[in-house]
Each structure stands twice: as C-alpha cells, then as structure tokens.
Amino acid sequence: MRLFKKIINLNQHLRMYAKIIRITWISFAAGAIFFVMWVAAVSKDFAGWFGGMPDLKELENPKNELASELYSADNVLLGKYFREDRNPVTYEELSDTIVNCLLATEDIRFFDHSGIDLKGTFAVFYYLLQGERRGSSTITQQLAKNLFKTRGEGYSGALANVPIFGTLIIKTKEWILAIELEKAYTKKEIMAMYLTTVDFGRNSFGIKVAAKRYFNTVPKKLSIEQTAVLMGMLKAPTFYNPTIEGKYENAMRRRNTVLEQMLKYEYLTEGQFQTLKVLPIKTNLQPEDHNVGLATYFRTAVRNEIMDWCKKQGYDLYSDGLKVYTTIDSRMQTYAEQAVAEHMKELQKTFFEHWKGKNPWIDQNGQEIKGYLDLAQKNTDRYRDLKRQFGDDSVAIAKVMHEPIKMKIFTWENPQYEKDTILSPLDSIRYSNHFLHTGMTSMDPHTGQIKAWVGGINYKYFQFDNVTQPRQPGSTFKPLVYMIAMKEHGYSPCDMVLDAPQTFILPGGGTWTAKNADGGYSNQQYTLRNALARSINSVAALLMKKIKPANLIKYAKDLGITSRLDTVPALCLGANDVKVVDLTGAYATFANQGRWIEPHFITEIRDKNGKVIFKKEPRSHEIIDEKLAYLMTYMLRGSNEESGGTAWGLARYDFKKDNQIAGKTGTTNSHSDGWFMGMTKDLVTGVRVGGIKPTIHFRTSVGQGAKMAMPIFAIYNEKVFKDPSLSKYNQKGKFPEPAIKLDIELDCSKYRPISKPDSSMYIMPTSHPLGFN
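Residues numbered from 1 in each chain as written. Predicted model: local features only at pLDDT ≥ 70, side-chain atom pairs only at ≥ 80, totals over all residues. Heavy atoms only, no water.

Enquirer: I keep staring at the overall build of the protein and nothing clicks. Help me out?
Expert: The helix and strand tally for the protein stands at 25 helices and 20 strands. Restricting the contact set of the protein to residue pairs at least 6 apart, pairs at least 24 apart contribute 71%. Put simply, the protein shows about 37300 Å² of open surface, and 53% of that area lies on carbon and sulfur atoms. (Helix = DSSP H or I, 4+ residues; strand = E, 2+ residues; numbered from the N terminus. Contact = heavy atoms within 4.5 Å. Areas by Shrake-Rupley, 256 points an atom, 1.4 Å probe, with all protein chains shown as cover.)

Set out below in structure tokens:
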C-alpha cells in the first residue's frame, strides 16, 4: 500500500515536471519567436514604431566626421578644418599598451565574442540586484553607437520616448549592428575604428588626436600611465579630464581604476601598479586653435580658396578628411612671421610716440576726423548686438559702450601678444585703431609658388588679410610704366629724361599735374634707371604720356592685377588699389625671364583614402622677352645701387653683400601706406604696411616705404640667407643674363644728372630703339 502511494506521488511529480518542462519549452519557444519577431520588427521599423536602421551601404562604408588637414611643402601640418577634430588610426599605429588597456577597461572578451558578450549582458542583471550600475556594451556595440548615432533623432520611432521600450529598442539596434559589423570587419579593424570614433573631450576625437592634444605625441609613444588617463576619459571625457579646472582628482582616481583593471587581467605586475599609481598626471596640452600657431592668415586664405571648389565637387572640407598640400615652406613662413613681429613691434612704438595724446585718424588737412569712433563702433559685432537688444535707444547703447569691463587686448609687450585690462568697449575700439598692420607674401618666381604668407600682425585680434586687401601701391606701380615704355618705345636704362612738370588734360575737363614727393622739380636730366631709383614722379608721368593709361591697364591685367584700375593719368603713380599678392606676382615676371606665372599656394588635394582629387596647373604666359626682363631687373637694382636710390638702406644687411637685389619702394599720399617690392634671383617678396584705414598714418617721412616696409623684406631675407637648409632660395649671385647677347650699354654710372637740360621735355635716347616685341 505504501509502495503504491509512492508510485502515485512519483507519477504526480513526473506529470508536474513534465508540465513545467512543457511550459518552459513553450515559454522558451514563445520567447524565441517573440525575440525573432522583435528583432525583425526593430530592423524593419514596423509601423514606424522603432525608427530606421542604417542600410548595407552605410555598414560597408561607415562615415565618420574626419578633420581635413593642411600641409606645407616640407610636410609640416599647418592646421586643420573640422567640426569634430578626428584623424583615423590604424591598428598598426596602436601600441600593445593601448590594446591591453582598452581590453581591460572596456571589453576583456573582445577577441572571443561575435559582437555581443552574453556573459557580460546577463551579468548586468546581477549587478543591478546588488545596487551597482555597470555597462555591458562591447567595443563593437559602442562602435555601432558612435558610427551610426543610434541614440539620435535620426533613427527614432514612435516608441523612442516610452520608458524601458526606448532603451530596449536602442540596445536591440546596437546588437544587430554589432553583429553586422563583426561580419564586415576584422577584430583589428573594429578596434581601430572604435579608437577613431571615441570622444576624449576638448573636441578631440580618436586616440591619434587625443595623444597629440594632451601629450603632444603619437599613440605608439604613449606611456602606460598616459594611456590609462586617456582610456579612463572614455567613461566621461569632461568629468575625468585632468586639464579641466577641478577635474584633476577625478582623473587621478579614474586612471588608477584603469591601472587596477590592467593589474587584474595581468597586463601589469604588482610592482608596476604600485609605481604607476602614485605618479602625477603630467599633460602637455596642445589646443587646436585657429587663432594661434603658424600661418594663421594663410589657413583662412586656403579655406576661402577651396570652399567653392569643395561645394561644386561634393566635398565637405570640415568632415571629409581631405589632405590639402600647399606651396608654403614652414621655415620661410616662420622667418616671415618673425620679421613682421620684430619690425612691427619697434615701428608701433614709434607710432604710439608719434601720436601720443592724440588720435591718429586725420583728414587731408591734418585735422582729426570727427565722428570716426562713432562710425567705427557701428561696424562691431558688440554694437550690432546692442542694436538688436535696445533698438533705437541710443542712450542705453551708449551706456553699455562707455561702461568699463574686463577684457583681453592685443599688445606687443609680451610673447603672448595679449594682456588683461579694464576698458570700455568704445575705448577698446580707440586702442585697436592705433595699430599699424602689414601684409607680406614671398614667392618663387620660376614656379609661381608662394612660400610665405603673413596677412597681419595677429589673427586673433585683427582678422582681415592685408595680403589680399587692395590698397594704393604708390611708386611700386611705376616699374610697369617703365616696362611698357621700354618695350613699345625702345628706350634703354641709360637714356636721359627730364624732371619737370607734366600736365594732362583730363577728358571731363580740368588738368592733372604729377607732383614729386618734395613738391618741386629739379629741372635736371637723369638716366631712366636713376629716375626710377630716385622714384621721380614727373618722369613716370612723362612716360605715361607715351604709353597711355588704357595700355597700362592692359599690361597690368596681363601681369595678374585683379583689382579695378581706372583709365586716369595718376595710375602711373599707383593711384588705384592693388593686392600685395598680385603685385608680387607681377614683379616675379621680371625674375622669370619675362614669363608671368599665376601665384598659387595649393599644389594638390587628396581624399581620405589618399587619392588625388585636385592638382593645380597654374596659368602662365609670356609678357616680355628675356632681354627686357633682364633690363627690368637691372633697372630695379638701381634702387640700391644708384646715387639717391630709395633702397640704399639695404646695404647694412649681410644678405646684400655679393648679391644682386632688385627692388622698389612705394609711399602713398600722406604716408598712408608704405610698400616695398624686392627680388633676389630666386625669391620675390612684397610687403605693405599701413593703418587699418588710409586715414591712420604717420605725418612725416617715417611713413615712407623704405622705413615702414623695406625692413621686413630685409629681416626676412637675412634669416632665409642664413639657413643652410634653404639652399634653393639663398644662393647669392647675379640675375641670369639672357641667352641672346644684349646690344645696348648697361653702365649708366657715367651718366650723371644734367643741371642744364635740353629744352625738350621728352626722353633723349642714348642709343637706337631696342625694338622689343
């Protein structure tokens, strides 16, 4: 009987267990079916509830925002263009330390799973019951999140904001994408992609940028403790960032937690851990700031040059990872910026002293311009913001503009070129308008490649580029007049010309007479070369009568002058505005045997895969033959070889010794701008110096081109000629003579100014016309 009851009980238990098993299997099957249906629904975005998924093409070619990079001709990184500063890294560029540290911190079973770590996933529930919050996402899942922004609005559906469901949908998408990524890429590729996408704070994306930003090195050279700092930042790049005020201790704790993980998984020994955990965090922050560093103005010039091209070709300069290769030489650029700083610092002291206690904006009569500051303030962003805020309430606006506040201003007084002070916004405008500015460019005349570009004194505070800002060139425009007169009228450097008034009858009535710098005329005869060396205005006007304004404009355009030129006699004295870069290119024609080559600063552009997508082919055409080109260099050498030449000051510089220098000074009306165009046989350099407006200037001869601009040319060349690594551009010597022998006299030294000239006011040829074509 007892046995019978046991059998009945056993049977009941068996039936119960069978029922449990059936229920379990049914539940499992139902769960499996539900899971499959859930995954299918999520992947297909059923009824629009779940949001879309990346398609296969996106999975095969995931798009990261990559910074475009700007390189010099000597392969120095000059700057970047980006919304997110990110450069791709390959697995081969990673050290074992980086790999081990990442595994220990983020995904120790990375090389064992297929995108989803089930053990880690189920462990989350255990830790939740223990009151701990731990992430379970694998490196592959995190990569999916980073690449495809699965938590953004772009992939959100109707259930996105429903509690629990929204999170479950996101996780499901990341599981699906992780599996697909594992199918498409190797483990090493996935790790490299992950370390390209992750955020390290301070707009630093990817391990390559982070290594440079925080430690000024490359990934392979990161130490163990440096690597631990960066891997620790992945959890919260701001909270654990040692370079942010108040976060250093957080960063120390997090770094040591990472080191503990490395110890736990035997990537460190106990001794290493004990040594490393007490070390301080030493960063070497390298902020990516467009306002600082080398070639700041040039970087903007390049951006402006290629933005339209990128738009037409379907590229995004800020996210497509382009490599832009330029003609700039980083060494020559450094010397150019140093020359500008050295000279402008001293010139500014003189200018401050010159205008001490007064404002430098004056009219043609030397009187301060009334209302200048009022107009200047209306062109500022601050004033426009106040105008939007207060409308026509001028009293409220004036109150803010006159209220002293803390601010930083530009100064030459320290190496940082700025200082903290307290000024009203209006006083800061007054202060900034006291500064002189400059534009300088230097190019290879034989290739048209620009080797140095300095657009101003400080990009952070004065962002307009003086290299491309048209201003009156003064006498630096005269060589174009002389060139045409020699080409079309057959005159030579030693022909005699008269310094006497030249009057033009203007088309609309009235007359114009060219005045010399001193306001008078010597009534002496000079050689053509000496007249150019002395920069005698009346002689340029005399030649203008020969060549005509319309013809001068035609040649100027052929020589690359892009700004508007008026058909007026005063054009011979540089009355119209031109750009420094254009005039530099025009002068380069003389050093390039008469052939103009388009000045350019980009050689090629490559896409993120290294494919050349643009290659510069500069325009070029012959303007004059090599004989006349050589004569023009001879003429321009007169500025520092002829008696009375305006560039005799070059004699005190070492690079001038045993070296031929062709050059021309230029000074505009009222000393508004000082110019110097200078050439050696292999390098042509143009410089302009002046105020932010032409009304801001010196009142004395200190404002001449020989004193304002020429020293920058000289200091720059002095540095270039002392650098043995720049042998291509610093070989002293003569300008190369033409292959065809010259049949005219080139020794004008025996012709001295004649005080009792012939009654003729025209050129007196000393030889038959050259007949240049």
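Next comes the rest of the description.
Enquirer: Honestly, the environment of Glu718 in this entry has me stumped. Any pointers?
Expert: Position of Glu718 relative to the elements: it lies in helix 25 (residues 710-721). Along the chain, Glu718 and Asn730 lie twelve residues apart, while their C-alpha atoms are 9.4 Å from each other. At 3.1 Å, the side chain of Glu718 forms a polar contact with the backbone nitrogen of Asp654. (Polar contact = N/O pair within 3.5 Å; in protein donor to acceptor, adjacent residues only side chain to side chain.)

Enquirer: Please explain the state of the cysteines as it appears in this structure.
Expert: Joining two cysteines, a disulfide is a covalent bond between their sulfur atoms. Summed over the entire model, instances satisfying the criterion amount to one disulfide. The partner cysteine of Cys494 in its disulfide is Cys748, sulfur to sulfur 2.0 Å. What sets the handedness of the Cys494 and Cys748 disulfide is the S-S torsion sign, and at about -95 degrees it is left-handed. With a gap of 254 residues between them, Cys494 in the loop between helix 18 (478-489) and strand 10 (496-498) and Cys748 in the segment after helix 25 connect regions that are remote in the sequence. (Disulfide = S-S within 2.5 Å.)

Enquirer: Would you mind going over the side chain of His697 with me for this structure?
Expert: Mapped onto the elements, His697 comes out in the loop between strand 20 (683-691) and helix 24 (705-708). A relative accessible area of 6% places His697 in the buried class. A distance of 2.8 Å separates a polar side-chain atom of His697 from the backbone oxygen of Ser670. (Buried < 20%, exposed > 50% of the residue type's maximum accessible area, 1.4 Å probe, protein only.)

Enquirer: Sorry if this is basic, but what is going on with helix 17 (residues 425-432) here?
Expert: In an α-helix, one turn spans 3.6 residues, which is why side chains three or four residues apart end up on the same side. All of the buried residues in helix 17 are Pro425, Leu426, Ser428 and Ile429. The buried residues of helix 17 occupy an angular sector of 160 degrees when projected down its axis, which confines them to one face. Structurally, helix 17 contributes buried residues whose contacts are with helix 14 (372-377), helix 15 (381-390), helix 16 (394-402), strand 6 (405-410) and strand 7 (418-423). (Arc of directions from axis to C-beta.)

Enquirer: Explain the sheet that holds strand 16 (residues 612-615) to me, please; I cannot follow it from the model alone.
Expert: Hydrogen bonds between backbone groups are what pair the strands of a sheet, and the pairing can be parallel or antiparallel. Across the sheet, five strands lie side by side as 2-1-5-15-16; this open sheet has mixed pairing. Bordering the open sheet on either side are strand 2 (77-81) and strand 16, each of which pairs with just one other strand. With direction set aside, neighbouring strand axes in the sheet form an average angle of 20 degrees. The sheet contact formed by strand 15 (residues 602-606) and strand 16 spans three bridges and is antiparallel. (Pairing = 2+ DSSP bridges. Axes fitted to C-alpha atoms, helices over the stretch in contact; angles between N-to-C directions.)

Enquirer: Got a minute to help me understand the sheet that holds strand 8 (residues 436-443) in this structure?
Expert: Taken in spatial order, the five strands of this open sheet run 9-8-20-19-18, and their pairing is antiparallel. The open sheet has two edge strands with one neighbour each: strand 9 (450-454) and strand 18 (662-667). This sheet shows a mean twist of 5 degrees between the axes of neighbouring strands, independent of strand direction. Against the sheet, helix 23 (residues 626-641) engages strand 18 and strand 19 (673-680), with an angle of about 60 degrees to strand 18.

Enquirer: Just checking my understanding: could you explain the pairing of strand 5 (residues 323-326) for this structure?
Expert: A regular strand places its side chains on the two faces of the sheet in alternate fashion. Covered by surrounding structure in strand 5 are Val324 and Thr326 only, the residues Lys323 and Tyr325 on the alternate face being uncovered. Note: strand 1 (residues 68-71) against strand 5, three bridges, orientation parallel. Bridge pairing links Tyr71 to Tyr325 in strand 5. Relative to strand 15, strand 5 runs antiparallel, the two sharing four bridges.

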